[in-house]
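The residues making up each chain are set out below.
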Amino acid sequence: MSASCATAGTEWLNPTGNRFAVPGRSNQFRGRWELNRRNFAINGIVATGASVMPPSVVAESSQGLQQLPFKPEGYNYWTWRGHKIHYVEEGEGFPVVLIHGFGTSAFHWRYNIPELAKNYKVYALDLLGFGWSEKAQVDYDALIWRDQLVDFLKEIVKQHTVLVGNGLGGFTTLLAAAELPAEQVKGVTLLNSAGQFGDDITTTDTSEETALRKFIVRPVEEIFQRVVVGLAFWLSMRPTQIEAQLKSGVYRNHSNVDDYLLNSIAIPAADPNAGEVYYRLLRQLISNPRKYTLESVLSQLSCRLLLLWGDLDPWVDHAKANRIKEFYPNTSLVNLQAGHYPHDEVPLLVNKALLDWLSTLGLSEPSLRTVPEI
């Protein structure tokens, strides 16, 4: 399996580019990190971690917004199905739950959490396999993160809520909202969400495998795939390569591609099982592409929907937002001149649009009703 084939059509799966890293490309970018935090190993290859900011630092961006303090040890932890799950909790009021995209973490909402927490109780959850949550060696698919989010609402939030998600996190919020009882989720906000409509998906032949392929060919293919994916993961997760690919179009404005952001991606990638998680996710996508379509999920939704869409996203076509609105009329759309991560690239605009929309949902008083059994 070639690296290019492995990532074809994986816009929701790759945090730093829609193809694997090419060795040597990052040489044109100057690394600016002191490699002194810790040593780590990925797939047996020894490398070095990146320096981190002191946890007490509360920085401001060039746009004047306060950042969530970066804590290398994380904030809060919850045990879910025996796995350690990280989350941030700030503020008071009606709960708003933020779900990150592929390869990022709760820290990716660094400019949104402090602003939202002035009026709401904000949670930012690290999905299993990402960020500061455990890199569990389990079978990953869309439903595992849906179930994680649903249980998080039941066990930690315990109130009606609004869900906000970017990329993979956006599709996770849709699945959770569709699964929960009506009125449990008061609204969903999607930022360049993953997921595709059914007619955009190419069907594949699922005929039964021959014994030769099942017991000989597939095991050999898997060994080769693990080597290729492991090497590609290690190359793409080097700090200089992360920076290069973020600046290649994912962020159209590079001013917020800084050490905070790079650390928040590189540090979790240093976990021993991070490469294995990446491989399992890739295998799942290849073997079962787009099992859950946008129309099937949206048809089960009953709450209001807000789309905050970066129209310059190189991975997700801006036309998808218009199509979602056409399919689901109870939708508001705000187009933004940004890439795949508008909440971090243009946080002032995202915060204003989100707060304006939240003010129309009648959430001024926090709901005290607990989440019903599901």
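Residues numbered from 1 in each chain as written. Predicted model: local features only at pLDDT ≥ 70, side-chain atom pairs only at ≥ 80, totals over all residues. Heavy atoms only, no water.

1. Focus: the side chain of T161
Basically, it comes down to this: In this text, helices come from DSSP runs of H or I with a minimum length of four residues, and strands from runs of E with a minimum of two, each type numbered from the N-terminal end. Relative accessibility decides the category of a residue: with a 1.4 Å probe and only protein chains considered, values under 20% of the type maximum give buried, values over 50% give exposed, and everything between is partly exposed. Definition of a polar contact: a pair of N or O atoms within 3.5 Å, with one able to donate and the other able to accept a hydrogen when the atoms are protein atoms, and with sequence-neighbouring residues admitted only if both atoms are side-chain atoms. For this analysis, residues touch if any pair of their heavy atoms sits within 4.5 Å.
If you trace the backbone, T161 turns up in strand β7 (residues 161-166). Exposure remark for T161: the relative accessible area of 0% places this residue in the buried category. Here P95 takes part through its backbone oxygen, which lies 3.1 Å from a polar atom of the side chain of T161. Once residues within four sequence positions are removed from consideration, T161 is found in contact with F94, P95, V96, V97, L153, Q184, V185, K186 and G187.

2. Observations regarding the packing of helix α6 (residues 239-250) against helix α7 (residues 259-269)
This is how it is decided: As a rule, the C-alpha atoms of each element are fitted with a line to give its axis, helices using only the stretch in contact, and angles between N-to-C directions run from 0 to 180 degrees. Should an angle lie under 35 degrees it is considered roughly parallel, over 145 roughly antiparallel, and from 65 to 115 roughly perpendicular; all remaining angles are considered oblique. Note on convention: near helix rotated counterclockwise from far helix by under a right angle means a left-handed crossing. Clockwise means right-handed. Classes in brief: Ala, Val, Leu, Ile, Met, Phe, Trp, Tyr, Cys and Pro nonpolar; Asp, Glu, Lys and Arg charged; the others, Gly included, polar.
α7 packs onto α6 with a crossing angle of 120° between their chain directions and a minimal axis gap of 10 Å. The orientation of α6 relative to α7 falls into the category oblique. The handedness of the crossing between α6 and α7 is right-handed. Every residue of α7 that contacts α6 at I242, E243 and L246 is listed here: L261, L262, I265 and A266. In terms of residue class, the contact of α6 with α7 is made up of 6 nonpolar, no polar and 1 charged.

3. Some remarks on the sheet that holds strand β9 (residues 304-310)
What counts, and what does not: In this analysis, strands are considered paired if DSSP registers two or more bridges between them.
Pairing is mixed across the open sheet formed by 8 strands, whose spatial order is β3-β4-β6-β5-β7-β8-β9-β10. Strands at the two margins of the open sheet, each flanked by one partner only, are β3 (76-80) and β10 (331-336). Ignoring strand direction, the axes of neighbouring strands in this sheet form an average angle of 20°. In this structure, β3 lies alongside strand β4 (residues 83-90), joined through 5 bridges in antiparallel fashion. Bridging across to β4, T79 finds its partner in K84. Most of the contacts of helix α3 (residues 142-157) go to β3, to which it runs at about 115°, and overall it touches β3, β4, β5 (95-99), β6 (121-125) and β7.

Geometric values such as these leave the question of function open.
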